[in-house]
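One letter stands for each residue in the lines below.
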Amino acid sequence: MANPKALVYFSSVFSIAISTNVSIFEQSSLLALVFIESLMWFSTVALVFSAPKINHYYQKFGKKIDGITGGIFISFGCLLILNRD
């Protein structure tokens with residue numbers, strides 16, 4: 001719940017891939033796949049951003065990066081609101 005992007009991602013994966021006629025083995029396999037993928041992704045991000053040079057640049061430009069990505073997410077949200085059926 002602390003990371004809304006991850007929550008949206010997991011919800012979209014499970015809502016697309018799991019239906020009522022999917023076996024428990026397939027559901028478990030999907031859960032394991034998402035777990036392993038997430039573990040690999042977040043470990044990679046942690047390793048990359050723990051490098052001193054990258055950490056320094058992120059500290060320097062972090063507010064600008066957050067502002068730009070926040071603007072992008074707000075834009076997508078506005079598009080979703082305006083394009084409702």
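Residues numbered from 1 in each chain as written. Predicted model: local features only at pLDDT ≥ 70, side-chain atom pairs only at ≥ 80, totals over all residues. Heavy atoms only, no water.

**A closer look at the overall build of the chain**
The helix and strand tally for the chain stands at three helices and zero strands. Taken from N to C terminus, the helices and strands of the chain fall in the order α-α-α. Against the 2.2 N^0.38 benchmark of 12 Å for 85 residues, the chain shows a C-alpha radius of gyration of 17 Å, more extended than a compact globule. The burial tally for the chain puts 8% of its 85 residues in the buried class. Taken together, the 6 basic and 4 acidic charged side chains of the chain have centroids lying 23 Å from each other. (Helix = DSSP H or I, 4+ residues; strand = E, 2+ residues; numbered from the N terminus. Rg over C-alpha atoms; globule rule 2.2 N^0.38 Å. Buried < 20%, exposed > 50% of the residue type's maximum accessible area, 1.4 Å probe, protein only. Lys, Arg positive; Asp, Glu negative; His and termini not counted. Charge placed at Lys NZ, Arg CZ, Asp CG, Glu CD.)

**Some remarks on a nonpolar patch on the surface**
There is a patch of nonpolar side chains on the surface, built from Val48, Phe49, Ile54, Tyr57, Tyr58, Phe61 and Ile65 and spanning about 580 Å² of accessible area. For the nonpolar patch, the elements supplying multiple residues, two or more each, are helix 2 (24-49) and helix 3 (52-82). A total of five residues in the nonpolar patch trace back to one element, the largest contributor, which is helix 3. Note on Phe49: relative accessible area 41%, which makes it partly exposed. (Patch = residues over 30% accessible without salt bridge, like charges linked within 9 Å, V, L, I, M, F, W, Y side chains within 5 Å. Areas by Shrake-Rupley, 256 points an atom, 1.4 Å probe, with all protein chains shown as cover. Salt bridge = Lys/Arg side-chain N within 4 Å of Asp/Glu carboxyl O.)

**Some words on the confidence of the model for the chain**
Put simply, the chain has an average pLDDT of 86, and 98% of its residues get 70 or more. Mean pLDDT in the chain bottoms out at helix 1 (residues 4-17), which sits at 76, and peaks at helix 3, which reaches 93. (pLDDT = per-residue confidence, 0-100.)

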